[in-house]
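Chains, contacts and geometry: an overview
Listed here are the chains, written in short residue letters.
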Amino acid sequence: MAKLQAVRGMHDILMHDTPRWQFMEKSIKNILNQYSYQEIRLPIVEKTELFTRSIGDNTDIVSKEMYSFDDRNDSSLTLRPEGTAGCVRAGIEHGLFHNQTQRLWYTGPMFRHERPQKGRQRQFHQIGIEAFGFNGPDIDAEQILMCARIWQVLNINGLSLEINSLGTAESRLKYRSILVDYFSAHKDQLDEDSLVRLAQNPLRILDSKNRDMASLIKAAPTLDEHLDNESADHFAGLREILDGADVQYTVNPRLVRGLDYYGKTVFEWISNELGAQSTVCAGGRYDGLVEHHGASSTPAVGFAIGLERLVELANFENTPNTHMPHIYLLISGEQAVKPGLLLAEQIRNQLPGIRILSHCGGGSFKSQFKKADKSGAELAVILGEDELENNQLTIKYLRSEEAQTVIKWPELANFLGTTLSIRVIPSK
Ligand code: ATP
Ligand code: MG
């Protein structure tokens, strides 16, 4: 039989790493609460049509990255490559948009059939934030400030913010024809991808990572020269708030996003520490998408953070230690098994914050002590035959020279409460 292996580009996150993930996710969720955004939980699978209609046929995601399959009823379904489409679908389906505003977030795995490399996986995780029903630049600014707060809390330095305005659909259309003229005049310098984009979505040529085309792209006309007044005002409003909040940014007139429905504000946070896959967070305004799906027009803005890239950057020095037990309960002899487990239950009732690892599976004291030591626990609580007979427990300090002590059973909760509150080992 072939060796058991996960699917290429889809990774396990092992128990050594989950404490960092948990800390990161919890920190972000706390911040989302601070801004009063509400969680929405969405299916991982949606109808394929939802993504083709939302993201656009000529995008990388739809044209080559989707995991699509026919289910048993022959409907084409797709593992979600991103969360915005599903969120918009849910909002329309449940009537969350009409005459209302919503500030929502979701998190979970996303799937894209890309070439796996550092910072690029086929299953990866995002936290996505979306706000619906807000027209002005205030909400765009709020979301960017929210990002800045997340980096601060996770101790991430050196992220730079790039912003741009893609204008309204009308000004994009005008700009599109200017771009088509420009790139058509230099057709011989375009790669295969860009030739396709030239016909279908010329703005996305600006997004090309092909170095051979860098100077051609650099010399291309930019949209800011053709921006409509409405979008220019919106962009100025956003910049004013960011300036007021002392958020540093650069305006990158070549920043276009991969999805068709972005307009006005777009932004990316980029790290200088991640190598080629350096964008940690990306987002923008997609005012046309809800209406495009047949519901009444609803302005919207959102962003997504790539959690694999973020976990690489975050500083986990102050991560609370939540995986090591405080106490290892040694249980020796058949007679002690039941009372030992019941004792542990009782302590968990009385001291819900304490982590107890009860020894299971018998074995000598010596082997149990080895496990206790390895577990990282501060205290060993010993329940053997002698202890059982005398209604006692022996306490051994595993991380200090302090002499062991003997207490009566009913004293345990009290003893642990006072001892551990000042002694719990600081996290590593
Ligand atoms: P890229 O230019 O890196 O392909 P994208 O524009 O396709 O990014 P978005 O759809 O905007 O990415 O997703 C937002 C964030 O999700 C990215 O900035 C990145 O941090 C993360 N992300 C996207 N694709 C992957 C992937 N295949 N593996 C890991 N993280 C990813
Ligand atoms: Mg991509």
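Here's a quick rundown of the structure. Note that the structure is a prediction, hence the values are computed from the model and not measured. (Residues numbered from 1 in each chain as written. Chains lettered and ligands numbered in written order. Predicted model: local features only at pLDDT ≥ 70, side-chain atom pairs only at ≥ 80, totals over all residues. Heavy atoms only, no water.)

Moving on to the overall build of the protein chain. From N to C terminus, the protein chain includes 15 helices and 16 strands. Over its C-alpha atoms the protein chain spans a radius of gyration of 28 Å, topping by over 25% the 22 Å that the globule rule assigns to 428 residues. Projected onto the principal axes, the alpha-carbon positions of the protein chain cover approximately 90 × 60 × 45 Å. Residue burial in the protein chain is summarised as follows: out of 428 residues, 50% are buried. (Helix = DSSP H or I, 4+ residues; strand = E, 2+ residues; numbered from the N terminus. Rg over C-alpha atoms; globule rule 2.2 N^0.38 Å. Buried < 20%, exposed > 50% of the residue type's maximum accessible area, 1.4 Å probe, protein only.)

Turning our attention to the pattern of salt bridges. By the definition in use, this model includes 17 salt bridges. The salt bridge involving aspartate 17 is made with arginine 20; its shortest N-O contact spans 4.0 Å. The class of aspartate 17 is partly exposed, set by a relative accessible area of 32%. By relative accessible area, which is 30% here, arginine 20 ends up partly exposed. Here aspartate 193 makes a salt bridge to lysine 64, at a shortest N to O gap of 3.6 Å. A residue pair is termed long-range when its members are at least 10 positions apart, and aspartate 193 in helix α7 (residues 192–200) and lysine 64 in helix α3 (residues 60–65) qualify at 129 residues. (Salt bridge = Lys/Arg side-chain N within 4 Å of Asp/Glu carboxyl O.)

What surrounds ligand 1 is a group of 16 residues, the closest being Arg112, Glu114, Gln121, Arg257 and Thr279. Separating an oxygen atom of ligand 1 from a side-chain N or O atom of arginine 120 is a distance of 3.0 Å. In the environment of ligand 1, an oxygen atom lies 2.8 Å from a nitrogen or oxygen atom belonging to the backbone of threonine 279. Contact with the protein chains covers 88% of the free accessible surface of ligand 1, which is 590 Å². For the shell around ligand 1, the residue count by class is five nonpolar, five polar and six charged. (Near = heavy atom within 4 Å. Polar contact = N/O pair within 3.5 Å; in protein donor to acceptor, adjacent residues only side chain to side chain. Areas by Shrake-Rupley, 256 points an atom, 1.4 Å probe, with all protein chains shown as cover. Nonpolar A, V, L, I, M, F, W, Y, C, P; charged D, E, K, R; others polar.)

Moving on, we get to the side chain of arginine 172. On the secondary structure map, arginine 172 appears in helix α6 (residues 169–185). Here tyrosine 262 takes part through its backbone oxygen, which lies 3.5 Å from a polar atom of the side chain of arginine 172. Beyond its immediate sequence surroundings of up to four residues, arginine 172 is in contact with Leu166, Gly167, Leu203, Leu223, Tyr262, Gly263 and Lys264. (Contact = heavy atoms within 4.5 Å.)

This brings us to the sheet that holds strand β15 (residues 392–397). Within a sheet, each strand pairs with its neighbour through backbone hydrogen bonds, oriented either parallel or antiparallel. As summarised here, the arrangement of the five strands in space is β13-β12-β14-β15-β16, forming an open sheet in which the pairing is mixed. Of all strands in the sheet, those with a lone pairing partner are β13 (356–358) and β16 (405–408), marking the two edges. On average, each strand axis in the sheet is tilted by 25° relative to the strand beside it, whichever way the strands run. This element, helix α13 (residues 365–375), spans β12 (327–331), β13, β14 (379–383) and β15 of the sheet and lies at about 170° to β12. (Pairing = 2+ DSSP bridges. Axes fitted to C-alpha atoms, helices over the stretch in contact; angles between N-to-C directions.)

It is worth spelling out the pairing of strand β5 (residues 102–111) at this point. β5 sits mainly inside the fold: eight of its 10 residues count as buried. Relative to β5, strand β1 (residues 38–39) is paired through two bridges, and the arrangement is parallel. When the sheet's bridge partners are listed, glutamine 38 is paired in β5 with leucine 104. Bridging between β5 and strand β6 (residues 123–132) involves 10 bridges; their strand directions are antiparallel. Among the inter-strand pairings, arginine 103 is bridged to a residue of β6, identified as alanine 131.

This next bit is on the environment of serine 296. Mapped onto the elements, serine 296 comes out in the loop between α10 (289–292) and β11 (300–306). Residue serine 296 is classed as partly exposed on the basis of its relative accessible area, which comes to 37%. Between the C-alpha atom of serine 296 and that of tyrosine 37, which follows or precedes it by 259 residues, the distance is 23 Å. Look past the residues within four positions of serine 296 in its chain and what remains in contact with it is His98 and Val290. A polar contact is formed between the side chain of serine 296 and the side chain of histidine 98, at a distance of 3.1 Å.

Time to look at the nonpolar core. Membership of the largest hydrophobic core comes to 44 residues, with the highest contact counts inside it found for Trp151, Trp269 and Leu310. In terms of residue count, helix α5 (residues 137–153) provides more of this core than any other element does, seven residues in total. The residues touching tryptophan 269, leaving out its near neighbours within four places in the chain, are Ile144, Cys147, Ala148, Trp151, Leu159, Ser160, Leu161, Val247, Ser278, Thr279, Val280 and Cys281. Listed in part, the 35 residues of the second largest apolar core include Ala90, Leu179, Leu223 and Ala300. (Core = buried A, V, L, I, M, F, W, Y, C linked by side-chain atoms within 4.5 Å.)

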